[in-house]
There are 2 protein chains.
Amino acid sequence: MAAPAAPTEKAESILAAAQRAFLAGGFGAVSMDAIAREAGASKATLYAYFTSKEELLGAVVARQSERYAEGLSAGELDPRDVEASLNAIADRFLRLLLSPEVIAINRIIIGEVARFPALAAIFWRAGPERVRVQLEEFCRRAATAGTLDIADTRLAAGQFASLVRGEIHLQQLLGLGEPDDAALRAAARNAVATFLRAFGTAEK
Amino acid sequence: MAAPAAPTEKAESILAAAQRAFLAGGFGAVSMDAIAREAGASKATLYAYFTSKEELLGAVVARQSERYAEGLSAGELDPRDVEASLNAIADRFLRLLLSPEVIAINRIIIGEVARFPALAAIFWRAGPERVRVQLEEFCRRAATAGTLDIADTRLAAGQFASLVRGEIHLQQLLGLGEPDDAALRAAARNAVATFLRAFGTAEK
DNA sequence: GTCTATAATTGGATAGAC
DNA sequence: GTCTATCCAATTATAGAC
């Protein structure tokens, strides 16, 4: 069972190079020449693994989407300590949302949606949709525990996400300003405070 | 004082054609040939008015941004009838935000921000920033009238905008699903309801 | 001022040697 | 499997006639 020299090695380096290039420059502005150079391979090799530039983008989006919601679980949070739990969720969520990789992949998908509508669906299901499920699950548990007064958990989860995203997400998509860590945490806390004003209960 | 044949006429038709083409297909996918054809002019004429494709995009974005917040004034709304006023604002705002032209221009700017960072700033100031000012002004008046319990009007205005934008805005940017008019109004009312749970007062 | 025709460059994709 | 060298189509931009 001696492992054969991994044939995935070159493919991996190509994919990694494509990822760096696309995330840094977008789809249209990056040439296959540039990707090949960055990967330390020739264009011919590149085309041996991926039949077109479009397919290469698809592979990058799929992989990046997969990693999106990876580190975001709300399962272990205690619904009885709502404020602390919501703050923790908001922090993680916002940090993820504003990370350079996620912003970059968002930009590409939004910018190329006219040419590649399928990418958006892949991204949505792997990313935002999973996040919403996590949030909704937490809202349901908190509602049961009596610490949140929520009738429609799906709606509330969406509104929580929107409050956390705030203006800062769109600003980052537009490349306006650099968010420091303090601003990020402040935004998260403001979102939680307003959410609690709307849905909090006397239970503390 | 016989007026000379308006020299702006051709420029206008070129700009209009470029606008249609860019909004429909994005920046990279549209060629100068296509724009010239659509404008009923030759490429040479086109380059006589705009020195490059980039400059043409800049002109389109500037014009489109100008029209963004045009029909959105909250000045005439009565802060004493908060719910009705907020519903009216939310309706207008969401309708604007989800209009095909605004979605399209958003996509282009976001997708090309790596190449043209200046466009984003133009857009932001002419669009979202003006909207925020209108919202904040209304919040301030309602706070004075005692119909909203708001300490930080700037923050509250941003949160209102975020609630209204909701998930539906990002979904539209990603080209997922078609929002009918009923869904739009429902989204607006849900946003207002939550905002009022957070900031409403006993005053009705 | 506007057009036709063309230059000049780029970039996606491939053939063929090793 | 990988590389070098090349093809071909498309695109931006311009020169020169009318």
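For clarity, every value in this text was computed on a predicted model and none was experimentally measured. (Residues numbered from 1 in each chain as written. Chains lettered and ligands numbered in written order. Predicted model: local features only at pLDDT ≥ 70, side-chain atom pairs only at ≥ 80, totals over all residues. Heavy atoms only, no water.)

Looking at this structure, I do not really get the overall build of chain A. What am I missing?
Secondary structure summary: chain A contains ten helices and zero strands in total. Ordered by position in the sequence, the α and β elements of chain A form the string α-α-α-α-α-α-α-α-α-α. Seen through its principal axes, chain A has C-alpha atoms that stretch 65 × 50 × 30 Å. A buried classification covers 49% of the 204 residues belonging to chain A. (Helix = DSSP H or I, 4+ residues; strand = E, 2+ residues; numbered from the N terminus. Buried < 20%, exposed > 50% of the residue type's maximum accessible area, 1.4 Å probe, protein only.)

What is the right way to read the relation of the copies chain B and chain A from this model?
Superposing chain B onto chain A takes a rotation of 180 degrees plus a shift of 0.0 Å along the axis, which leaves an RMSD of 0.1 Å. Here the two chains are linked by the operation of a two-fold rotation axis. In this assembly, 97% of the residues forming the interface of chain B have copies in chain A that are likewise at the interface, indicating an isologous arrangement. (Least-squares fit on C-alpha atoms with pLDDT ≥ 70 in both. Contact = heavy atoms within 4.5 Å.)

Would you explain the interface of chain B and chain A in this entry?
Size of an interface: often given as the accessible area lost when the parts come together. Listed as interface residues are 37 residues of chain B and, on the opposing side, 38 residues of chain A. The contact between chain B and chain A buries some 3,400 Å² in all, and 66% of this surface belongs to carbon and sulfur atoms. Broken down residue by residue, the surface that chain B buries against chain A is led by B:Trp124, B:Leu174 and B:Arg197, which jointly contribute 20%. At the surface where chain B touches chain A, the tally comes to four salt bridges. Here B:Asp149 makes a salt bridge to A:Arg197, at a shortest N to O gap of 3.2 Å. (Buried area = accessible area lost by both parts, 1.4 Å probe. Salt bridge = Lys/Arg side-chain N within 4 Å of Asp/Glu carboxyl O.)

Looking at this structure, I do not really get helix α2 (residues 32-39) of chain B. What am I missing?
Working note: α-helix, 3.6 residues per turn, so residues spaced by three or four point in the same direction. Residues and elements named next belong to chain B. Those residues of α2 that fall on the buried side of the exposure criterion are Met32, Ile35, Ala36 and Ala39. On an axial view of α2, the arc spanned by its buried residues comes to 100 degrees, and they lie on one face. Where α2 is buried, its residues contact α1 (8-25), α3 (43-49) and α4 (53-68). Taken from the residues just after α2, Gly40 is the one with a positive phi, measuring 70 degrees. (Arc of directions from axis to C-beta.)

Got a minute to help me understand the protein's contact with DNA strand C in this structure?
Close contacts around DNA strand C come from 15 residues, with A:Met32, A:Lys43, A:Tyr47, A:Lys53 and B:Thr45 the closest. The protein-proximal atoms of DNA strand C, defined as those within 4 Å of the protein, are 53% sugar or phosphate. One nitrogen or oxygen atom from the main chain of B:Ser42 is found 2.9 Å from a phosphate oxygen belonging to DNA strand C. At 2.6 Å, a side-chain N or O of B:Thr45 approaches a phosphate oxygen of DNA strand C. Elements with a contribution of two residues or more to the surface near DNA strand C: α3 (43-49) of chain A together with α3 of chain B. (Near = heavy atom within 4 Å. Polar contact = N/O pair within 3.5 Å; in protein donor to acceptor, adjacent residues only side chain to side chain.)

Teacher, can you tell me more about the confidence of the model for chain A here?
Detailed conclusions should not be drawn from predicted coordinates in areas where pLDDT is low. Per-chain confidence: chain A averages 92 in pLDDT, with 96% of residues scoring 70 or above. Within the model, pLDDT remains below 50 along residues 1-5 of chain A, and this stretch shows zero contacts once partners closer than five positions in the same chain are excluded. (pLDDT = per-residue confidence, 0-100.)

Whenever I open this one, the protein's contact with DNA strand D confuses me. Can you help?
Neighbouring DNA strand D are 16 residues; A:Thr45, A:Tyr49, B:Met32, B:Lys43 and B:Tyr47 lie closest to it. Within the side chain of A:Thr45, one N or O atom sits 2.6 Å away from a phosphate oxygen of DNA strand D. In the model, a phosphate oxygen of DNA strand D is placed 2.8 Å from a nitrogen or oxygen of the A:Tyr49 side chain. Per-class residue counts for the surface near DNA strand D are seven nonpolar, five polar and four charged. (Nonpolar A, V, L, I, M, F, W, Y, C, P; charged D, E, K, R; others polar.)

When you look at the pattern of salt bridges in this model, what are you seeing that I'm missing?
For side chains of opposite charge, pairing can occur when their charged atoms come near one another. On inspection of all chains with the given rule, the structure shows 28 salt bridges over all chains. Salt bridges sharing common partners tie together A:Arg95, A:Asp181 and A:Arg185.

How do you make sense of the packing of aromatic side chains when you look at a structure like this?
Remark: the centre distance and the inter-plane angle together describe each pair of aromatic rings, the angle taken between the planes. Applying the stated criterion across every chain yields a total of ten aromatic pairs over all chains. Between A:Tyr68 and A:Phe123 the ring centres are 5.5 Å apart and the planes differ by 80 degrees, which places this aromatic pair in the edge-to-face class. Highlighted residues: A:Tyr68 in helix α4 (residues 53-68) and A:Phe123 in helix α7 (residues 117-126), separated in sequence by 55 residues. Overall, the relative accessible area of 4% leaves A:Tyr68 in the buried class. Its relative accessible area of 1% is what places A:Phe123 among the buried residues. Arranged with centres 5.0 Å apart and planes meeting at 70 degrees, the rings of B:Phe160 and B:Phe195 form a pair that is edge-to-face. Within this pair, whereas B:Phe160 is found in helix α9 (residues 153-173), its partner B:Phe195 is found in helix α10 (residues 181-199), the two being separated by 35 residues in sequence. With respect to burial, B:Phe160 and B:Phe195 carry one shared label: buried. Seen from the ring of A:Phe27, A:Lys53 lies directly overhead, with NZ or CZ sitting 4.5 Å from the centre. (Phe/Tyr/Trp six-rings, centres within 6.5 Å; stacked < 30°, edge-to-face > 60°. Lys NZ or Arg CZ within 6 Å of the ring centre and 35° of its normal.)

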